[in-house]
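# Fold and contact review
Here's the letter readout for the chains.
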Amino acid sequence: MARIFYTLIMIAAALTASAKYTTIADTLRASRIFPGTSHAFTITVPDNYSPDRPAALYLSLDGELCNAPAVIDSLTAAGIMPITIGVYLQPGVITANDGTVLRYNRSNEFDNTSDRFARFLDSELLPTIESLTTPDGRPIRLSANPSDRMIAGLSSGGICAFVTAWHRPDLFARVFSGCGTFVAMRGGNDLEAIVRKHQPKPLRIFLQDGFDDVWNPLFGHWYEHNRLLASALEFAGYDCRFDWAEGGHSMRRATEIFTEMMTWIWRDYPTPITASSSANSTLHPLLIPGEQWQASQGSFSPHPKLKATYPDGSIMAGVLDNPNHLYQWILDNEGNKHYGQAFYWLHSYDNAPLTAASLAFDSDGNLWTLTSAGIQICDQNGRVRAILSLPQGLNLMMPAEMALADHLLIITTETYRYTLKINVIPPTKGTRPASQGQG
C-alpha cells in the first residue's frame, strides 16, 4: 500500500503545474580548508523561487543522485516539500595544468569524522552559492533555519552527510545516508559508540543499506555497521527510520525508495525538528528538558584546571602527556602522588589529539572533562558514559574554565560565561563518593 501511495503522489504531482527549475554549473576553486582542491557543483533553482523568501536547501554529495532534482520538483508541486534549491557537490580534486588528477580528495573529505567538511560547507561552499544569481537575475538566498535544510549522500557521501549534520545541527537537521561507510576507514566505526553517549541533537535521520553490502571486507561489513548505528540512534531517542533490503553496495535501492524517503523526512513541515530524550542511564537524569546553554558577555579571568582532586583528597586526575588518555594518581595523607596510570579514556574524532581545557569531579566521583569533542563524563573506572554538547561559539584555543555548581554547569572564557541548568551536584569537601564497584 505504501508503494501505491507514493506512486500516486508522483502521478498527482506530474498532473499539476510542476515548479520546474533552472540549472547552474560552477566550480569552487582554491579551498582554504582543503588546500589546492577544486569542487565542481551544480545548482537547481525552481522557477517559482523568489529571493524575497529564502529557499529550503537540499545538498547532495557526489552530485545528482537518485533522480533527486525531478523528485524534489514533483514533491514541491504536490505540496509535500517547500520551495527548495538543490546543490549537487562533487568531492575535491587537485589537478595538474594539463588536467591530470594528482589527488582524489573524496575519502579524505567524506570519510573523515571531524567537523572539517562542515566548516568547508559553512565558510566556503554555501557563501559561494549565495553569491550567485540565476540567469534571469535572481540572487540566491538560502534559509538559515536548519529544519529547512537537508544533506544527503551515498557510500562515503552517506557517512559525510551524517557527520556534517552531527557536528553542525545548526546547519542541517535532515539527513539521508544510503550504504553509509560507517566502517574502519577513518573512524566511522566509532560513531555508534559516540551516538549512544552523546546528548541528543535535533536531527531527523534516514539510513538505507542492503543485506549483502560488504563493499570491501578489509574495512568491515557495511550492513552490520549501518545496523549498529541504527541501534544507537534508536537508543539515543532520534527521529529515525531505516530501510534494509536485498542488495549490496549500490544506489539502486536508494533510488527506488527516494520519493518515500523524502516524503517521510519532510513530513509535518514546517514543524521544527527538535532533540529527543536518550535512554542513556547516566545522561538522561542529568539533562533538564528544554534547557539550553546561556551566554553572557563580559571580561573574565578564567583559571583552567587541568587537574582535579577527589573531595576527600584520596585521588587526583589530570592531563599528563596525552589529553586523550588522562592520568589518575592515588594521593597519600601528605598529598604525594603514587601509582599513576593512564586511566580515563576519552573519545575523539578523526583520531585527533583532544584539547582538554578543564577537569572537575562531581558528587558521584565522576570526572567531567571539558574537551574539544564535548564535555566527557567518565565513571570511577575511567570510562566515558556521557558526552554533553559544547556551547555554540566556544573556542577552546583560548583559556577556559569549567566549574560545577548546584544544578548548574559553568564554562568561563576571557570574553564569555556560559551556563547550563543541569542536574549535577558538586562534591562536598572531605567526603568520599560511594564506590561504583568494578562493573
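Residues numbered from 1 in each chain as written. Predicted model: local features only at pLDDT ≥ 70, side-chain atom pairs only at ≥ 80, totals over all residues. Heavy atoms only, no water.

The number of helices and strands found in the chain is 10 helices and 22 strands. The C-alpha radius of gyration of the chain comes to 24 Å, within 12% of the 22 Å expected for a compact globule of 439 residues. Summarising its shape, the C-alpha atoms of the chain cover approximately 80 × 45 × 45 Å along the three principal directions. Put simply, the chain has 439 residues, and 51% of those count as buried. Excluding contacts between residues fewer than 6 apart, the proportion of contacts in the chain whose partners are at least 24 apart in sequence is 67%. (Helix = DSSP H or I, 4+ residues; strand = E, 2+ residues; numbered from the N terminus. Rg over C-alpha atoms; globule rule 2.2 N^0.38 Å. Buried < 20%, exposed > 50% of the residue type's maximum accessible area, 1.4 Å probe, protein only. Contact = heavy atoms within 4.5 Å.)

By the secondary structure assignment, Lys 201 is in the loop between α6 (191-197) and β9 (204-210). Distance in space between the C-alpha atoms of Lys 201 and Ala 236 is 9.4 Å, their sequence separation being 35 residues. Contact partners of Lys 201, with chain neighbours within four places excluded, come to Trp 166, His 167, Pro 169, Tyr 238, Ala 275 and Ser 389.

The next point concerns the side chain of Thr 76. Position of Thr 76 among the secondary structure elements: in helix α2 (residues 68-77). Here Thr 76 falls in the buried class, since its relative accessible area comes to 13%.

Moving on, we get to unusual backbone geometry. Cis geometry marks the peptide bond from Tyr 269 to Pro 270, where omega comes out at 15°. With respect to the secondary-structure elements, Pro 270 resides in the loop between α9 (258-265) and α10 (283-286). Residues other than glycine seldom take positive phi values, yet Ala 30 does so here, at roughly 55°. The phi torsion at Asp 62 lies on the positive side, around 75°, for a residue other than glycine.

Attention now goes to the sheet that holds strand β19 (residues 384-388). The antiparallel open sheet is built from four strands, whose spatial order is β16-β17-β18-β19. The sheet terminates laterally at β16 (356-361) and β19, the two strands that pair on one side only. Going from strand to strand, the sheet's axes swing by 20° on average, the running direction of each strand aside. Alignment of β16 against strand β17 (residues 367-371), held across five bridges, turns out to be antiparallel. Following the sheet pairing, Ala 356 is matched in β17 by Thr 371. (Pairing = 2+ DSSP bridges. Axes fitted to C-alpha atoms, helices over the stretch in contact; angles between N-to-C directions.)

Attention now moves to the pattern of salt bridges. Per the stated rule, a full pass over the model turns up 17 salt bridges. For Glu 401, the salt bridge identified is with Lys 305, shortest N-O distance 3.5 Å. Taken together, the residues span a long stretch of sequence, with Glu 401 in strand β20 (residues 401-405) and Lys 305 in the loop between β11 (294-297) and β12 (307-309) at a distance of 96 residues. The exposure class assigned to Glu 401 is buried, which follows from its relative accessible area of 15%. Residues Asp 379 and Arg 385 are paired through a salt bridge, measuring 2.8 Å at the closest nitrogen-oxygen approach. The class for Asp 379 is buried, based on a relative accessible area of 1%. Here Arg 385 falls in the partly exposed class, since its relative accessible area comes to 36%. (Salt bridge = Lys/Arg side-chain N within 4 Å of Asp/Glu carboxyl O.)

Applying the stated criterion to the full structure yields 21 aromatic pairs. On the basis of an interplanar angle of 50° and a centroid distance of 6.0 Å, the ring pair of Tyr 58 and Tyr 88 is categorised as tilted. Placement of the pair is Tyr 58 in strand β3 (residues 56-61) and Tyr 88 in strand β4 (residues 84-89), with a sequence separation of 30 residues. Relative to Phe 182, the ring of Phe 162 has its centre 5.8 Å away and its plane inclined at 85°; by these criteria the two rings are edge-to-face. (Phe/Tyr/Trp six-rings, centres within 6.5 Å; stacked < 30°, edge-to-face > 60°.)

This brings us to the sheet that holds strand β10 (residues 239-245). Spatially, the eight strands line up as an open sheet ordered β1-β2-β4-β3-β7-β8-β9-β10, and their pairing is mixed. Looking along the sheet, the strands with just one partner apiece sit at the ends: β1 (21-28) and β10. Pairwise comparison of adjacent strand axes, ignoring direction, gives a mean angle of 15° for this sheet. In the packing of α2 onto the sheet, the strands contacted are β1, β2 (39-46), β3 and β4, and the crossing angle to β4 comes to about 170°. Of the strands in this sheet, β9 and β10 are in contact with helix α7 (residues 222-235), which crosses β9 at around 155°.

A few words on the side chain of Thr 412. Assignment of secondary structure puts Thr 412 in strand β21 (residues 408-412). Here Arg 417 takes part through its side chain, which lies 3.3 Å from a polar atom of the side chain of Thr 412. Apart from residues no more than four positions distant in its own chain, Thr 412 is found in contact with Phe 300, Pro 302, Pro 399, Ala 400, Glu 401 and Arg 417. (Polar contact = N/O pair within 3.5 Å; in protein donor to acceptor, adjacent residues only side chain to side chain.)

Within the largest apolar cluster, 68 residues are counted, with the highest numbers of intra-cluster contacts made by Leu 125 and Phe 162. The leading source of residues in this core is helix α5 (residues 156-167), at seven residues. Aside from chain neighbours lying at most four places away, what touches Phe 162 is Val 175, Phe 182, Leu 191, Val 195, Ile 205, Leu 229 and Leu 233. (Core = buried A, V, L, I, M, F, W, Y, C linked by side-chain atoms within 4.5 Å.)

The next subject is the packing of α2 against α9. The interhelical angle for the contact between α2 and α9, taken along N-to-C directions, is 50°, at an axis separation of 10 Å. By the angle class used here, α2 and α9 are oblique. Between α2 and α9 lies a crossing of right-handed hand. Packed against α2, whose contacting residues are Ala 68, Val 71, Ile 72 and Leu 75, the element α9 presents Phe 258, Thr 259, Met 262 and Thr 263 at the interface. (Parallel < 35°, antiparallel > 145°, perpendicular 65-115°, else oblique. Left-handed = near helix turned anticlockwise from the far one by under 90°.)

A few words on helix α4 (residues 116-129). Its 14 residues give α4 an end-to-end C-alpha distance of 19 Å, which sits within 8% of 20 Å, the value for a rise of 1.5 Å per residue. At Asp 122, α4 is deflected by roughly 35°, the largest bend along its length. Of the residues making up α4, those classed as buried are Phe 117, Ala 118, Phe 120, Leu 121, Glu 124, Leu 125, Leu 126 and Ile 129. (Expected span 1.5 Å × (residues − 1). Bend = angle between axes of the 7 residues up to and from the residue.)

Across the chain, pLDDT averages 95, with 96% of residues at or above 70. Strand β8 (residues 174-178) holds the highest mean pLDDT among the elements of the chain, 99, whereas helix α1 (residues 2-15) holds the lowest, 50. For the stretch residues 10-17, pLDDT sits under 50, and the model shows eight contacts to residues farther than four places along the chain or on other chains. (pLDDT = per-residue confidence, 0-100.)

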